[in-house]
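Below, each chain spelled out in residue letters.
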Amino acid sequence: MVDMDFDLFVKRMKAKTDIDLSQYKEAQMKRRLTTLRQKNGFHTFASYFDAIELDSKLLNEFLDRMTINVSEFWRNPGRWEAMEKKFIPEMLKSGGRIKIWSAACSTGEEPYTLAMIAAEMGAQDRTAILATDLDAIVLQKASQGVYHERSVRDVPRSYLQKYFSKQDQDHYVINSQLNKSIVFKQQNLLHDSFDSGFDIIVCRNVMIYFTEEAKHLLYQKFANALRPGGLLFVGSTEQIFTPSQYDFESAETFFYRKRS
Ligand SMILES: C[S@@+](CC[C@H](N)C(=O)[O-])C[C@H]1O[C@@H](n2cnc3c(N)ncnc32)[C@H](O)[C@@H]1O
């Protein structure tokens with residue numbers, strides 16, 4: 001059923017923010033935004049949008065809710081073990097620099113996990129990590145590198161001791177040395193152009209929110225951004241069903257390699 005009120009909201013939001021909600025799965029997105037609209041006391045998306053135009057707090061709340069920022073260090077540890085034991089050593093073997101992109105990095109747990117792995121191998125100086133997200137607020141948090149005790153519970157003990165310091169009773173801060181290999185940048189995966197020549201792209205737990213069509217274009221853009229032999233690491237519900245159509249082959253569960 002066509003919902004003109006919601007469709008118009010999507011169009012006006014695109015014009016205002018460049019965020020194209022029509023490329024996210026509709027039922028999910030609509031449910032989340034309807035709850036938010038109702039919580040703020042608006043009966044239609046039209047009146048909600050008018051209010052957003054006048055109130056940056058409402059806009060920030062909308063951006064915050066539509067993006068879902070949950071992240072973790074070492075999320076799915078078995079897969080990170082493959083990254084640590086197999087793929088990063090393989091990339092470093094050539095002796096040159098490696099170029100990694102952590103896309104949709106949220107509050108920075110993934111790029112810092114990558115930076116710790118590289119540092120542990122004595123390869124921090126040879127590793128450049130680009131970390132991007134749509135949401136400027138999470139990127140700011142990421143670059144500060146301050147985490148609640150709860151968030152660091154999956155960080156292996158030896159890494160916690162080496163790469164974090166206790167900031168206060170409940171918080172840890174990442175050692176500033178690690179930040180040096182990471183560049184944080186705001187970027188919309190559905191809209192912006194990508195850099196190229198990456199050895200590894202990590203993009204997890206955001207594609208689940210996108211429509212099939214948006215995902216298809218994104219896989220193609222990722223394939224173009226990787227060097228031949230480079231790897232794409234996806235989330236645990238984000239398998240690519242026919243990787244060959246993007247010139248990928250499966251390298252390990254949730255890792256795809258661009259054919260050489
Ligand atoms: C659930 S978090 C995933 C964080 C991390 N990759 C992980 O797996 O732990 C999803 C992230 O995707 C970001 N995001 C949503 N839409 C995006 C888009 N179009 N372009 C870039 N990032 C986007 C959100 O801001 C959010 O930080």
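Rules of the game
Per chain, residues are indexed from 1 in the order of the written sequence. Selection of residues for local features in this predicted model requires a pLDDT of at least 70, selection of side-chain atom pairs for listing and counting requires 80 or more, and totals for whole chains, interfaces and linings are taken over all residues. Neither water nor hydrogens contribute to the side-chain values; these are computed over all heavy atoms in the structure. UniProt positions are given in the numbering used here, feature names are shortened, and annotations may be inferred rather than shown by experiment. Throughout this description, the term nonpolar core refers to a set of buried Ala, Val, Leu, Ile, Met, Phe, Trp, Tyr and Cys residues connected via side-chain atoms within 4.5 Å. Exposure is judged per residue with a 1.4 Å probe applied to protein chains only, and the accessible area is read against the type maximum: over 50% gives exposed, under 20% gives buried, and values in between give partly exposed. Each helix is a run of H or I in the DSSP string that is no shorter than four residues. Each strand is a run of E no shorter than two, and both are numbered from the N terminus. In this analysis, two residues are considered to be in contact whenever any of their non-hydrogen atoms come within 4.5 Å of each other. Two strands qualify as a pair provided DSSP detects at least 2 bridges between them. In this scheme Phe, Tyr and Trp rings, the latter by its six-membered ring, pair at centre separations within 6.5 Å, and the angle between planes marks the pair as stacked below 30 degrees, edge-to-face above 60, and tilted otherwise. Look at NZ for Lys and CZ for Arg. If either is within 6 Å of the ring centre and within 35 degrees of the ring normal, a charge sits over the ring. The criterion for a residue being near a molecule or strand is simple. One of its heavy atoms has to lie within 4 Å of it. Pairing of N or O atoms within 3.5 Å defines a polar contact, subject to two protein rules: one partner must be a possible hydrogen donor and the other a possible acceptor, and residues neighboring in sequence count only if both atoms are side-chain atoms. Exposure was quantified through the Shrake-Rupley algorithm and a 1.4 Å probe, taking into account, for residues, occlusion by the shown protein chains and nothing else. Polar here means any residue outside two lists: the nonpolar Ala, Val, Leu, Ile, Met, Phe, Trp, Tyr, Cys and Pro, and the charged Asp, Glu, Lys and Arg; Gly therefore counts as polar. For helices, the axis comes from a line fit to the C-alpha atoms of the stretch in contact; other axes are also lines fit to C-alpha atoms, and the angle between any two N-to-C directions lies between 0 and 180 degrees. To estimate how far a helix should reach, multiply one less than its number of residues by 1.5 Å. Working definition for bend: take the seven residues up to and ending at a residue and the seven starting at it, fit an axis to each, and measure the angle between the axes.

Named according to an unreviewed UniProt entry, the protein is protein-glutamate O-methyltransferase originating from Paenibacillus solisilvae. UniProt, in its Catalytic activity (unreviewed entry) section for the protein, records the words "L-glutamyl-[protein] + S-adenosyl-L-methionine = [protein]-L-glutamate 5-O-methyl ester + S-adenosyl-L-homocysteine".

Regarding the nonpolar core
In this structure, Phe9, Phe62, Met83, Phe164 and Phe222 are the most contacted members of the largest nonpolar core, which totals 89 residues. Per-element accounting of this core gives the leading share, seven residues, to helix H5 (residues 77–92). Filtering out sequence-adjacent residues up to four positions away, Phe62 remains in contact with Phe9, Met13, Leu21, Leu33, Leu36, Tyr48 and Ile52.

Focus on the pairing of strand S9 (residues 248–252)
Within a regular beta strand, the side chains point alternately toward one face of the sheet and then the other, so they alternate between its two faces. Alignment of S9 against strand S10 (residues 255–258), held across four bridges, turns out to be antiparallel. Counterpart to Ser250 in the pairing with S10 is Tyr256. In this antiparallel pair of consecutive strands, S9 and S10, the connection spans two residues, and Phe254 shows a positive phi of 70°.

What about the packing of aromatic side chains?
Applying the stated criterion across every chain, the model contains 25 aromatic pairs. Ring centres 6.2 Å apart and planes at 85° place the aromatic pair Tyr112 and Tyr147 in the edge-to-face group. Residue Tyr112 is found in helix H6 (residues 109–120), and its partner Tyr147 is found in strand S3 (residues 146–148); the two are separated by 35 residues along the sequence. With relative accessibility at 4%, the residue Tyr147 sits in the buried group. One aromatic cluster is present, built from ring pairs that chain together Phe6, Phe9, Phe42, Phe45, Tyr48, Phe49 and Phe62. A cation sits over an aromatic face here: Lys99 above Phe198, 4.9 Å from the ring centre. Above the plane of the ring of Phe194 lies Lys221, whose end atom (NZ or CZ) is 4.2 Å from the centre.

Concerning the site of the ligand
In the region of the ligand, 22 residues are neighbours, and Tyr24, Ser71, Arg75, Asp133 and Asn205 sit closest. Separating a nitrogen atom of the ligand from a backbone N or O atom of Arg204 is a distance of 2.8 Å. Here Asn205 contributes a side-chain N or O atom positioned 2.7 Å from an oxygen atom of the ligand. Burial of the ligand by the protein chains amounts to 99% of its free accessible area of 610 Å². Looking at the shell around the ligand, its residues break down into nine nonpolar, seven polar and six charged.

A short note on the environment of Val234
When you line up the elements, Val234 lands in strand S8 (residues 226–234). Measuring from C-alpha to C-alpha, the distance between Val234 and Asn205 comes to 7.4 Å, with 29 residues separating the pair along the chain. Not counting residues within four places of it along the chain, the set of residues in contact with Val234 comprises Cys203, Arg204, Met207, Phe254 and Tyr256.

Some remarks on the sheet that holds strand S6 (residues 182–186)
Taking strand neighbours across the sheet as the criterion, the seven strands line up as S6-S2-S1-S7-S8-S10-S9 in an open arrangement whose pairing is mixed. With partners counted over all chains shown, the strands left at the sheet margins are S6 and S9, one partner each. Geometrically, the sheet is characterised by an average inter-axis angle of 20° between neighbouring strands, direction not taken into account. Examined bridge by bridge, S8 and S10 share three bridges and lie antiparallel to one another. In the strand pairing of S10, Leu232 is matched with Tyr256. On top of the sheet, helix H10 (residues 212–225) reaches strand S1 (98–103), strand S7 (198–203), S8, S9 and S10; it is set at about 135° to S8, its chief contact.

Digging into H5
Given a rise of 1.5 Å per residue, 16 residues ought to cover 22 Å, and the 21 Å separating the end C-alpha atoms of H5 matches this to within 8%. Remark: the principal bend of H5, roughly 35°, maps to Met83. Those residues of H5 that fall on the buried side of the exposure criterion are Arg79, Trp80, Ala82, Met83, Glu84, Phe87, Ile88, Met91 and Leu92.

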